[in-house]
Amino acid sequence: MSTALPSGLLPAVETHCPDRPQFSGFMKPTRVEGEVANLEVYGTIPADIDGTFYRVMPDPQFAPFIENDPWFNGDGTPDVCYYRIGADGKFLETVWLVAPVVAMIHDFALTENRFRFPLIPQLCDQWSPETPFYVGVLPRVGAKPSDVRWFRRPSCFTSHSSNAYEDPATGNIVFDLGLSDKNVFFWWPDAAGNAPAPETLRSQLVWLTIDPRAESLELTAEKHVEVLQTDDTEFYRHVYFDLMDPALGTDFHAIGPHLGGGYPLYNSLGHLALVTRATEVYIPGPTRVVQEPVFIPRRGSTTECDGYVLALINNYASMSSELHLLDTNDFTHALAVIKLPLRLRLRHGLHGNWVDAVEAGK
């Protein structure tokens, strides 16, 4: 059968990926999509799990109090666009903003009345330790460009937030996110070529308190939690996150030549109980690194974080990918390991979410 296509039917595409670390080696994207049935499963997949794990853009949030989807765009440009889309796919509002710096916008958080997004002092592909860390705060509904307020603190790096809520007693915003005083994207050094050694990087879960009515824009109210996917409740007691601990037995000598570049490494999954400060760690094995975990609620349960955690795992011994399923009641052991049979490079990334079949059918 001929595979020739008439000219002009397909748009022009690049003949190869950019010659950069994040597009090379194991990280080189593949242009293949497909469906595979009857996957090889070691362990048990509970009968109440019925849905789809989507790999999507950064960073999906499903707040329990809204029906419309809020979005933003503006990475690598001073122009930032915030917009909301209704269930019918129509735009409800669009707000254009001008950021104080051309920085990286990666994650966001929202509460019932406010939308906030951090500006990481990664100016395009260069770390800037002199540039403050900004948090833009905007009314969630009916905002104007002049309504945005750019709060700031000394330079730091954050990737993902764990949660945000409004204090009903004060009206203040509590914004929880992991902060590091060093450049976590170490493959993009500063102007002088300086970059931290990966093994020196450390992040803390920090609770930022923001008064949206304050005259001062300086962020000074912080609470550090020693130690990120929740089930998107407002007030919460559990956080699940990626973790890198070199002491956990990862064979970096064996997997190093195959890693590629352009992304941070995590070799385990963590669970932090915020009330007791107790932690649990799941270690997938010496030749595996983990991607972002997603939470799957247990069917019929109303208890916070009662369910399962699913994560895509890179197995560098077999150069293939796996899905590891954990029960939140037994977090340190895999309930099931699902082998993805094709030797495809599932590009390392930290974005995705679970959609239950019931929700998908609405």
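Model, not experiment: these values are computed from the prediction.

### Some remarks on the sheet that holds strand β1 (residues 40–43)
Across a sheet, paired strands are connected by hydrogen bonds in the backbone, their directions being either parallel or antiparallel.
Part 1 of the argument: Read from one edge of the open sheet, five strands run β1-β22-β21-β20-β19, paired in antiparallel fashion. What marks the edges here is a single partner per strand, and that holds for β1 and β19 (288–297). If you compare each strand with its neighbour and ignore which way they point, the axes differ by 25 degrees on average.
Part 2 of the argument: In this structure, β19 lies alongside strand β20 (residues 307–315), joined through eight bridges in antiparallel fashion. In the sheet register, V290 faces β20, and the bridge partner there is I313.

### Topic: the confidence of the model for the protein chain
Part 1 of the argument: Taken over all residues, the pLDDT of the protein chain has a mean of 80, while the share at 70 or more is 77%.
Part 2 of the argument: Across residues 1–5, confidence stays below pLDDT 50; counting only partners more than four residues off in sequence or on other chains, it has one contact.
Part 3 of the argument: The model gives residues 226–233 a pLDDT under 50, and that stretch makes 40 contacts with residues more than four places away or in other chains.

### Some points on the sheet that holds strand β18 (residues 279–282)
Part 1 of the argument: A sheet is described by the order of its strands in space; here three strands give the open sequence β16-β17-β18, paired in antiparallel fashion. Of all the strands in the sheet, just β16 (238–243) and β18 have a single pairing partner and so form its edges. Across the sheet, the mean angle from the axis of one strand to that of its neighbour is 20 degrees, orientation sign disregarded.
Part 2 of the argument: Bridging between strand β17 (residues 268–273) and β18 involves four bridges; their strand directions are antiparallel. From the neighbouring strand, H271 faces β18, where its bridge partner is E280.

### Considerations on the nonpolar core
Part 1 of the argument: One finds V80, L97, F115, F117, L119, L138 and W150 to be the most contacted residues of the largest nonpolar core, which totals 18 residues.
Part 2 of the argument: Among the secondary structure elements, those contributing two or more residues to this core are β4 (79–85), β5 (91–98), β7 (114–119) and β10 (133–139).
Part 3 of the argument: Ranked by residue count, the leading element in this core is β7, at three residues.
Part 4 of the argument: With residues up to four places along the chain from it excluded, the contact list for W150 reads V98, A99, P100, F117, L119, Y134, V135, G136 and L217.
Part 5 of the argument: Membership of the second largest hydrophobic core comes to 15 residues, among which are F151, C156, I210 and L219.

### Notes on the pairing of strand β14 (residues 204–210)
The side chains of a regular strand alternate, first on one face of the sheet and then on the other.
Part 1 of the argument: Counting buried residues along β14, six of its seven residues qualify, which places the element largely inside the surrounding structure.
Part 2 of the argument: Pairing of strand β13 (residues 173–179) with β14, which is carried by seven bridges, proceeds in the antiparallel orientation. Bridge assignment links V174 to a residue of β14, and that residue is T209.

### Points about the pairing of strand β22 (residues 330–339)
Part 1 of the argument: In this structure, β1 lies alongside β22, joined through four bridges in antiparallel fashion. Its bridge partner being in β22, E40 is matched across the sheet by K339.
Part 2 of the argument: Of the strand pairs in this sheet, strand β21 (residues 320–327) and β22 are connected by six bridges, and their pairing is antiparallel. Directly across from E322, in β22, lies its bridge partner K339.

### As for the pattern of salt bridges
Part 1 of the argument: Applying the stated criterion to the full structure yields 10 salt bridges.
Part 2 of the argument: In this structure, R298 and D306 form a salt bridge, with 2.8 Å as the shortest nitrogen-oxygen distance.
Part 3 of the argument: Assessed through its relative accessible area of 18%, R298 is described here as buried.
Part 4 of the argument: Residues joined in a network through salt bridges with shared partners are R288, E322 and K339.

### Concerning the UniProt feature "binding site: Fe cation" (unreviewed entry) in the protein chain
Part 1 of the argument: Under the UniProt annotation, the feature "binding site: Fe cation" (unreviewed entry) is placed at H106, H160 and H351.
Part 2 of the argument: Inspection of the secondary structure assignment puts H106 in the loop between β5 and β6 (109–110).
Part 3 of the argument: Inspection of the secondary structure assignment puts H160 in the loop between β11 (149–153) and β12 (161–166).

### Digging into the packing of aromatic side chains
Part 1 of the argument: Evaluated as defined, the whole model comprises 12 aromatic pairs.
Part 2 of the argument: Look at F185 and W187: their rings are 4.7 Å apart centre to centre, the planes differ by 25 degrees, and that puts the pair in the stacked class.
Part 3 of the argument: Accessibility expressed as a relative area gives 11% for F185, which makes it buried.
Part 4 of the argument: Cluster of aromatic residues (ring-pair linked, three or more members): W127, F157, F185, F186, W187 and W188.
Part 5 of the argument: For the cation-ring pair, R116 lies above F175, with the distance from its terminal atom to the ring centre recorded as 5.9 Å.
Part 6 of the argument: The lysine or arginine in question, R298, covers the ring of Y308, its NZ or CZ lying 4.8 Å from the ring centre.

Parameters at a glance
- Residues numbered from 1 in each chain as written.
- Predicted model: local features only at pLDDT ≥ 70, side-chain atom pairs only at ≥ 80, totals over all residues.
- Heavy atoms only, no water.
- Pairing = 2+ DSSP bridges.
- Helix = DSSP H or I, 4+ residues; strand = E, 2+ residues; numbered from the N terminus.
- Axes fitted to C-alpha atoms, helices over the stretch in contact; angles between N-to-C directions.
- pLDDT = per-residue confidence, 0-100.
- Contact = heavy atoms within 4.5 Å.
- Core = buried A, V, L, I, M, F, W, Y, C linked by side-chain atoms within 4.5 Å.
- Buried < 20%, exposed > 50% of the residue type's maximum accessible area, 1.4 Å probe, protein only.
- Salt bridge = Lys/Arg side-chain N within 4 Å of Asp/Glu carboxyl O.
- UniProt positions renumbered as here; feature names shortened; annotations may be inferred.
- Phe/Tyr/Trp six-rings, centres within 6.5 Å; stacked < 30°, edge-to-face > 60°.
- Lys NZ or Arg CZ within 6 Å of the ring centre and 35° of its normal.

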